Amino acid sequence: MNATFVRPASLMLALAALLVVTSSLSAETVTGKSDSSQIQPNIIERFTPENASETPDFQKHVIPLMGRLGCNGRSCHGSFQGRGGFILSLFGYDFKADHKAITEGEEPRVDLDSVDDSLIISKPTDELSHEGGERYKLGSWEHRVLKNWITAGAKFDGENIAEFDHLDVSPDEIVFAREGQKATLQVIAVWADGTREDVTPLCRYTTNDDTKADIDHDGIVTSGEAGDTHVVVAYDKAVVAIPVIRPVSKLIGKDYPNVPTPTQIDKLVVQKLRKLGIVPSELSSDEQFLRRVSLDIAGTLPSPSEVLEFAADKDPNKRAKKIDQLLETPAYVAKMTTLLCDVTGNNDTQLVNVSPVRTGPSQEWYDWVYDRVDRNVPYDQIAAGFILARSRKEGESYSKYCEEMSDLYRNGGSFADRESMTHYWARRDFRQPEERAIALAYAFMGVRIQCAQCHKHPFDVWSKDDFDEFKSFFTGARFANQPPRNDGQAYDEYNEILKKLDIDKSLKGNQARREYANKLKDGKTVPFPELVVAAVPSNMNKNSKNAKNKKGLPTRSREARVLGEKTVDLSDYDDIREPVMEWLREKDNPYFARALVNRIWATYFSVGIVHPTDDLSLGNPPSNEPLLDYLAKGFVEHNYDIKWVHREIANSRTYQLSWKPNATNRHDVRNFSRAVPRRLPAEVAYDIIQQAAAGDKSFDTYLTSIEDRAISIPGTRAPGTALYPLQIFGRSERASNCDCDRSEEATLLQTVFLQNDSTLHNAISNSKSWLGEVERSMRPNGNGGNNQVAQIQAQIKRLYEQMGNGRTYLEKLEKKGDKKKAEEIRKKIASGKKRLTTLREQLENAKAKQDKEKELAAASFDSPAEMVTQAYLRTLSRKPTDKEMTASLEHIRGIEDPVEGLHDLVWALLNTKEFIVNH
């Protein structure tokens, strides 16, 4: 198995052809074997003999050995501050710096005159004097490696670092038969000069799930619980993940049942399930499928009539037709737009002073994305609109740009008509090259490169140098309130515009922007901020990465690599962001297409094929590599058609499986053998609460009318009563470069909201709700009795309060001897008593009227079973069972007012898990 700078896509495509599936392992220990021809034996064999005289290599042996011993780990000298004044690069990525730290520094760790007194020997072999305890013993092979290196002069040629090629790891897949079984990995390092060496003892080993498989520092893997995971091998720059499987049942190989696989997705999913002994669940019912797909694609409940019609439809292609229908709705566009706004960071609080017009830039951002999703613009073009954004068209002057923008706002135009999304570069947290590199890699590559900002990424090949070169691609763009002075023509045009506006130059900030807005209304052209894109920055040197300017300060090279990939001469580009977009568009790019299809997949299954969805690193491999490869390749071949991805997933049998588990897949959450019930996104949860309670006409508009829906809220702010529920249901804060900004975890606050919040009860019972419509149909003359009783009771309460206050005042007047005022108060109290008697009579009459209305309402409620059925259809998208119907009718008939009983039923249904999760 080859890997290094080999990325997951090409790596696992090769694996797919080479996989060797072992249905059971009979031996207690399985050892990986490689072609032994011209392979240098492992370091233990060579340095165990006492007479070993070989001089080890610093890069190939000494640094990896220190990694094995834990010296350059996070908890020791590899931490940011080091230990005991001795600092190593984390996991040994920086050979030059580490050699200097060991051989020079304030307290050198080697002593060429007295080798045994070298600190890298004396400390780790002494349990008492070494804070980290004994790491190896005197006379051990580890001791001989370090001693021989020091004896030979502790050398390292930093100008001729050996070029590493790849790792061969065998076996390339481990299949265990029982718990406690062992398998030994063999790892061969292959260098660019053709040298091959067994480096098994020098690798760093980790497991992605120690309950499924554990691995020790010798590369011995031990089986745990049934299931699957990966063990990860790291050496030099290489990171290789090896699948480990222990079947959960005996239904593997020839014993695996015949399972339908109508689509390529199904074939690839079942291919993995067959190894695991997991049998997929049965197909979901029509009602389950309709509710699930409507929520996943459009964030909307199907209407009661739609549920009944779909269940009765005999067309074998009805599911595919429904998918196509949903993909053409504004609700789909809004939901997909929200996903893209999440990952690109559309955050109101970061968009400050983006325009002189007080128009929400987050709304413009949303509208721009919505327009492109609506037109199904290829995703690479959408991404280019962000990555290569610029304010002015090619050859356009600053004054012409300002005229165009002024006309846009003055004439009520849409920012969606602009060619690119410049607001992306205007965010306050997107100003520095480091911020841009991290955010762009997160959004369009689905990777977390933050670690490489300081040290080599622990789970991928990126080094600090790779990060520094990557960020250099984002140094040429700057969002500015006015043209820079070095752009003489634009700067002069800016001043000319100001001169024509005749604005007080002392006005700054918001005051100036308000004045600009007023001038714009008057038909004037006003200055607009712009995204200024420069060519190669002047402080980049053409010839050398180590060049210095006249002041002796280092300058940046004009050559840079895109995350360790091909080298680019930036002077060949007018916009140095272009090489990044070109690289992303390459057909074999390991991130761009995979990142989006993986995120879309996660919206249908609650977990990505790679999970978390923003961690497409070598150390976090896909649960099904061929599946992710198929989707990513198909996405590119279909010209980055986002709808193709949705159709491909939703039309698969895998997606349409039931949520009900069987004996083999009850604990499966990552291999897609069933539909795992999952919390809905916050916006969808809020919307369907409102939809389920809405009147019939309003209910049916949720697919097509999105203006008041939560899935159409553009930025991070939310209007009115929607703010709190959206927060507690986990709406994305878009505050960091992490998909974890959105949460779909269940919380106690969500339960409290569904049970007690006044906005929910109001949604159920307001005059425009379904219950409001039901009540009006039962009481065509209104609810006069109820209203009158409430009004009279309120009057009586106020009268009692007034008479009580009067008596208290009367006592004070009598004590003062103010007879005149006291007499006036007595008359008012007496008048109040008469009024109270009258109100009591009116209250009795009103109650009688109320009782009569309830009798009439109960009489007109001639089909309570139909109302119960409607309540279930509009909330759970299915008819009630016989048991549920009986219980519901008993409750409604046991309450004096049937509308109140129906209110209770709707409230109860909204509080079921079946309603608030997608299944």
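Rules used throughout
Residues numbered from 1 in each chain as written. Predicted model: local features only at pLDDT ≥ 70, side-chain atom pairs only at ≥ 80, totals over all residues. Heavy atoms only, no water. Helix = DSSP H or I, 4+ residues; strand = E, 2+ residues; numbered from the N terminus. Buried < 20%, exposed > 50% of the residue type's maximum accessible area, 1.4 Å probe, protein only. Contact = heavy atoms within 4.5 Å. Arc of directions from axis to C-beta. Pairing = 2+ DSSP bridges. Core = buried A, V, L, I, M, F, W, Y, C linked by side-chain atoms within 4.5 Å. Polar contact = N/O pair within 3.5 Å; in protein donor to acceptor, adjacent residues only side chain to side chain. Salt bridge = Lys/Arg side-chain N within 4 Å of Asp/Glu carboxyl O. Phe/Tyr/Trp six-rings, centres within 6.5 Å; stacked < 30°, edge-to-face > 60°. Lys NZ or Arg CZ within 6 Å of the ring centre and 35° of its normal. Expected span 1.5 Å × (residues − 1). Axes fitted to C-alpha atoms, helices over the stretch in contact; angles between N-to-C directions. Parallel < 35°, antiparallel > 145°, perpendicular 65-115°, else oblique. Left-handed = near helix turned anticlockwise from the far one by under 90°. Disulfide = S-S within 2.5 Å. pLDDT = per-residue confidence, 0-100. Nonpolar A, V, L, I, M, F, W, Y, C, P; charged D, E, K, R; others polar.

Peer 1: Honestly, the overall build of the protein chain in this entry has me stumped. Any pointers?
Peer 2: On a plain count of helices and strands, the protein chain comes out with 34 helices and 21 strands. Buried residues in the protein chain amount to 54% of all 919 residues. Put simply, of all contacts in the protein chain between residues at least 6 apart along the chain, 68% involve residues at least 24 apart.

Peer 1: Even after reading the chapter, I still don't get the side chain of D168, so can you show me in this structure?
Peer 2: By the secondary structure assignment, D168 is in strand β4 (residues 164-170). Overall, D168 belongs to the buried group, its relative accessible area being 12%.

Peer 1: Would you mind going over helix α27 (residues 758-765) with me for this structure?
Peer 2: Structurally, the α-helix is built with 3.6 residues per turn, so residues lying three or four positions apart point the same way. Every buried residue of α27 is listed here: L760, A763 and I764. What you see down the axis of α27 is that its buried residues fit within an arc of 100°, all on one side.

Peer 1: Can you walk me through the sheet that holds strand β12 (residues 227-235) in this structure?
Peer 2: Through backbone hydrogen bonds, the strands of a sheet pair up, either in parallel or in antiparallel fashion. Strand order in this open sheet of four strands is β5-β13-β12-β9, and the pairing throughout is mixed. Looking along the sheet, the strands with just one partner apiece sit at the ends: β5 (174-175) and β9 (204-207). Where β12 and strand β13 (residues 238-246) come together, nine bridges link them in antiparallel fashion. Its bridge partner being in β13, Y235 is matched across the sheet by A238.

Peer 1: Explain the nonpolar core to me, please; I cannot follow it from the model alone.
Peer 2: The tendency in soluble globular proteins is for nonpolar side chains to be buried as a group. Among the nonpolar cores identified, the biggest contains 175 residues, and Y424, F444, I449, F470 and F635 are the most heavily contacted of them. The next biggest cluster of nonpolar side chains, apart from the first, holds 51 residues, and it includes M66, L185, V187 and Y235.

Peer 1: What exactly am I supposed to notice about the side chain of H646 here?
Peer 2: Examined against the element boundaries, H646 turns out to sit in helix α22 (residues 642-650). Accessibility expressed as a relative area gives 4% for H646, which makes it buried. Among the polar contacts made by the side chain of H646, one reaches the side chain of Y604 at a distance of 2.6 Å. What H646 contacts, discounting residues up to four positions off in sequence, is L327, Y332, M336, I600 and Y604.

Peer 1: Help me out: how do you make sense of the pairing of strand β15 (residues 530-533) in this one?
Peer 2: Residues E530 and V532 line one face of β15 and the alternating positions L531 and V533 line the opposite face, and both faces are buried. As defined by bridge partners, strand β14 (residues 477-480) adjoins β15 across four bridges and the pair is classed as antiparallel. Bridged to A477 within β15 is V533.

Peer 1: Sorry if this is basic, but what is going on with the environment of V307 here?
Peer 2: As for its position among the elements, V307 is in helix α9 (residues 304-312). Assessed through its relative accessible area of 4%, V307 is described here as buried. With 567 residues separating them along the chain, V307 and R874 place their C-alpha atoms 9.1 Å apart. Filtering out sequence-adjacent residues up to four positions away, V307 remains in contact with E287, L290, P302, L873 and S877.

Peer 1: Would you mind going over the pattern of salt bridges with me for this structure?
Peer 2: A side chain of one charge can pair with a side chain of the opposite charge if their charged atoms are brought near each other. One pass over the structure, following the stated rule, counts 47 salt bridges. Between D286 and K318 there is a salt bridge, and its shortest N-O distance comes to 2.6 Å. One end of the pair, D286, is in helix α8 (residues 286-298); the other, K318, is in helix α10 (residues 318-326), and 32 residues separate them in sequence. A single salt-bridge network, built from bridges that share partners, covers D342, E683, R731, R734 and R742.

Peer 1: Is there a simple way to explain the packing of aromatic side chains in this structure?
Peer 2: Working definition: an aromatic ring pair is given by the centre-to-centre distance plus the angle between the planes. Following the criterion strictly, the structure yields 34 aromatic pairs and no others. For the pair Y366 and Y370, a centre-to-centre distance of 6.1 Å together with 25° between the ring planes defines the contact as stacked. Taken together, the residues Y366 and Y370, both in helix α12 (residues 361-374) and four residues apart, mark about one turn of the helix. By relative accessible area, which is 3% here, Y366 ends up buried. Ring centres of F605 and Y655 lie 6.1 Å apart, and the angle between their planes is 80°; on these two criteria the pair is classed as edge-to-face. Taken together, the positions of F605 in helix α20 (residues 592-605) and Y655 in the loop between α22 and β20 (678-679) put the pair 50 residues apart, joining distant regions of the chain. Looking at R292, its charged tip hangs above the ring of Y655, at a distance of 5.7 Å from the centre.

Peer 1: Honestly, helix α33 (residues 898-910) in this entry has me stumped. Any pointers?
Peer 2: The end-to-end C-alpha separation of α33 is 18 Å, in line with the 18 Å expected for 13 residues at 1.5 Å each. Among all positions of α33, only P898, V899, G901, L902, H903, L905, V906, L909 and L910 are buried.

Peer 1: How should I be thinking about the pairing of strand β7 (residues 186-191) in this particular structure?
Peer 2: Walk down a regular strand and you will see the side chains alternate between the two sheet faces. Counting buried positions over the six residues of β7 gives six, a clear majority of the element. When β4 meets β7, the two strands line up antiparallel, connected through six bridges. Considered in β7, the bridge of S170 is made with Q186. Bridging between β7 and strand β8 (residues 196-198) involves three bridges; their strand directions are antiparallel. Opposite V190, over in β8, you have R196 as the bridge partner.

Peer 1: Would you mind going over unusual backbone geometry with me for this structure?
Peer 2: Most of the time, phi is negative for any residue but glycine, and the peptide bond is trans. Look at the link from S170 to P171: it is a cis peptide, with omega at -5°. Secondary-structure assignment places P171 in the loop between β4 and β5. A cis geometry characterises the amide bond from H611 onward to P612, with omega recorded as 0°. Even without being glycine, A154 reaches a positive phi, approximately 50°. One can find A154 in the loop between α6 (141-151) and β4.

Peer 1: What am I meant to see in the packing of helix α11 (residues 330-344) against α20 here?
Peer 2: Each pair of packed helices can be summarised by the angle the axes make with each other and by the distance between the axes. Running from N to C, α11 and α20 cross one another at 125°; their axes reach a closest spacing of 12 Å. When the interaxial angle is binned, α11 and α20 end up oblique. Between α11 and α20 lies a crossing of right-handed hand. Of the residues in α20, those in contact with M336, L339, L340 and V343 of α11 are L596, R599, I600 and T603.

Peer 1: Help me understand the state of the cysteines in this model?
Peer 2: Each disulfide consists of one covalent bond between the sulfur atoms belonging to two cysteines. Per the counting criterion, the structure on display carries one disulfide. Shown here is the disulfide that connects C738 with C740, its sulfur atoms set 2.1 Å apart. Across the disulfide from C738 to C740, rotation about the S-S bond amounts to roughly 130°, and the bridge is consequently right-handed.

Peer 1: Could you clarify how one ought to interpret the confidence of the model for the protein chain in this entry?
Peer 2: Should the pLDDT be low somewhere, the predicted coordinates at that spot are not to be read in detail. Counting all residues, the mean pLDDT for the protein chain is 86, and 89% of those residues have values of 70 or more. Below a pLDDT of 50 lies the segment residues 1-34, which in the model reaches 91 contacts outside its immediate sequence neighbourhood of four places, other chains included.

Peer 1: Just checking my understanding: could you explain the packing of α9 against helix α31 (residues 864-876) for this structure?
Peer 2: Running from N to C, α9 and α31 cross one another at 85°; their axes reach a closest spacing of 8 Å. In terms of their interaxial angle, α9 and α31 are classed as roughly perpendicular. Residues P304, V307 and L308 of α9 form the contact with α31, whose own contacting residues are Q870, L873 and R874. Partitioning the contact of α9 with α31 into residue classes produces four nonpolar, one polar and one charged.

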